[in-house]
Amino acid sequence: MMEEYKWPLPEGFWKPCTLRQLQDALASHETLASPVLRCDAQRNLHLRPGGCGGVIPQDQVAAPFLSGAQRDIAALSCVGRSVCFQVTGQRIAADGSTEFLLSRRLAQEEAMEHILRHGTPGMVIRGQVTHLAPFGAFVDVGCGLVALLPLANISVARIRHPAERFALHQRIRAVVQSIDPQQKRIVLSHRELLGTWLENAARFRVGETVPGIVRSCKPYGCFVELTPNLAGLAEPKAGVRAGQQASVYIKSLIPEKMKVKLILIDAFDEVPRPKA
């Protein structure tokens, strides 16, 4: 059983914070959260935590261990989303109201230090998909810390793009593959959560014809995904392309070699669903 990592965040973390919490956090350095309303031209973030004005200055939007590109994207992508912060001070705004000075950077640095102390490879961690690229998915694992989930780590079955598995803003569970203390980088994996070969193969029987997805075609055969962590090899068939739906006959299951032999009955493009 894999251990799940627990963030040291207060109960009700995603609930709107109150004025009293803001005032107390100024001394306690507690991490709070509130939605970002807008990002101005100087990349300062504006919020209304506890019904009061709040601003995260541009230099406090993201931790310095994030790349320049990540920091720029962070400011813009925060708008409309709830972000973590610590309260660093307060001042009187131009309209005479009280405005709290906030730091997302401090919350991120504290979270990173905590994960460096307590996180270990093999731990299960929860996160939210923030970006999908051809080489993998970026996952916010808490307080805006972004970890990479490489394409090869998403599943045993080969996929061309992480969008075949995940959607933007989807909340997922992943396994910590590595933590680099010097670079402060976290690499994730997802394939371990999809069951072992035997667990997946137990769902199928020799002689059945079942649906699948063609994941790649080689001169010696076509790899067809039966489940995200189980694929089999069928003999090559003219006109078949990666990404097509397929119906396959299960010829044999070979546990000692963790292999599935298939016969490709048919392959076809997915039929678009009618719009509601």
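Below is a summary of the structure that appears in this document. (Residues numbered from 1 in each chain as written. Predicted model: local features only at pLDDT ≥ 70, side-chain atom pairs only at ≥ 80, totals over all residues. Heavy atoms only, no water.)

**Section: a positive patch on the surface**
Phase 1: On the surface, Lys251, Lys257, Lys259 and Lys261 cluster together into a patch of positive charge.
Phase 2: Topologically, Lys261 is positioned in strand 15 (residues 259–268). (Patch = residues over 30% accessible without salt bridge, like charges linked within 9 Å, V, L, I, M, F, W, Y side chains within 5 Å. Areas by Shrake-Rupley, 256 points an atom, 1.4 Å probe, with all protein chains shown as cover. Salt bridge = Lys/Arg side-chain N within 4 Å of Asp/Glu carboxyl O. Lys, Arg positive; Asp, Glu negative; His and termini not counted. Charge placed at Lys NZ, Arg CZ, Asp CG, Glu CD. Helix = DSSP H or I, 4+ residues; strand = E, 2+ residues; numbered from the N terminus.)

**Section: unusual backbone geometry**
Phase 1: We note that His29 has phi near 60°; this positive angle belongs to a residue other than glycine.
Phase 2: Among the secondary structure elements, His29 is positioned in the loop between helix 1 (19–28) and strand 1 (32–39).
Phase 3: The class for His29 is partly exposed, based on a relative accessible area of 46%.
Phase 4: For Lys184, which is not a glycine, the phi torsion comes out positive at approximately 55°.
Phase 5: Mapped onto the fold, Lys184 is located in the loop between strand 9 (171–180) and strand 10 (185–189). (Buried < 20%, exposed > 50% of the residue type's maximum accessible area, 1.4 Å probe, protein only.)

**Structural notes on the packing of aromatic side chains**
Phase 1: The tally for this structure, following the rule as stated, stands at two aromatic pairs.
Phase 2: Between Phe135 and Phe138, the ring centres sit 5.8 Å apart and the planes meet at 90°, which makes this aromatic pair edge-to-face.
Phase 3: The class of Phe135 is partly exposed, set by a relative accessible area of 48%.
Phase 4: With a centroid separation of 6.2 Å and an interplanar angle of 85°, the aromatic rings of Tyr220 and Phe223 are classed as edge-to-face. (Phe/Tyr/Trp six-rings, centres within 6.5 Å; stacked < 30°, edge-to-face > 60°.)

**Side note on the environment of Val210**
Phase 1: Counting through the fold element by element, Val210 comes out in strand 11 (residues 209–218).
Phase 2: Sequence-wise, Val210 and Ser247 are 37 residues apart; in three dimensions their C-alpha atoms are separated by 5.6 Å.
Phase 3: With sequence-adjacent residues up to four places away left out, Val210 is seen in contact with Phe204, Leu226, Ala246, Ser247, Val248 and Ile250. (Contact = heavy atoms within 4.5 Å.)

**A look at the environment of Ala25**
Phase 1: Considering the arrangement of structural elements, one finds Ala25 in helix 1.
Phase 2: According to the relative accessible area criterion, Ala25 is buried, its value standing at 0%.
Phase 3: Here the alpha-carbon distance between Ala25 and Gly89, two residues 64 residues apart in the chain, equals 9.7 Å.
Phase 4: Not counting residues up to four positions away in its chain, the partners in contact with Ala25 are Glu30, Leu32 and Val87.

**Some words on the side chain of Arg215**
Phase 1: Topologically, Arg215 is positioned in strand 11.
Phase 2: For Arg215, the residues in contact, after removing those within four places along its chain, are Arg158, Ile159, Glu164, Arg165, Phe223, Glu225 and Ala242.

**Quick word on the sheet that holds strand 14 (residues 245–254)**
Phase 1: Spatially, 11-12-13-15-14 is the arrangement adopted by the five strands of the closed barrel, whose pairing is mixed. Direction aside, the axes of adjacent strands within the sheet are offset by 50° on average.
Phase 2: Where strand 11 lies against strand 12 (residues 221–227), five bridges are found, and the strand directions are antiparallel. Across the sheet, Lys218 pairs through a bridge with Gly221, a residue of strand 12. (Pairing = 2+ DSSP bridges. Axes fitted to C-alpha atoms, helices over the stretch in contact; angles between N-to-C directions.)

**Focus: the sheet that holds strand 5 (residues 98–103)**
Phase 1: Read around the closed barrel, the five strands follow the order 1-2-3-5-4; overall the barrel is mixed. On average, adjacent strands in this sheet sit at an angle of 50° to one another, irrespective of strand direction.
Phase 2: As defined by bridge partners, strand 1 adjoins strand 4 (residues 82–92) across four bridges and the pair is classed as antiparallel. Within strand 4, the residue paired with Leu32 across the bridge is Phe85.
Phase 3: Contacts between helix 1 and the sheet are confined to strand 1, strand 4 and strand 5, with strand 4 contributing the most and set at about 75° to the helix.

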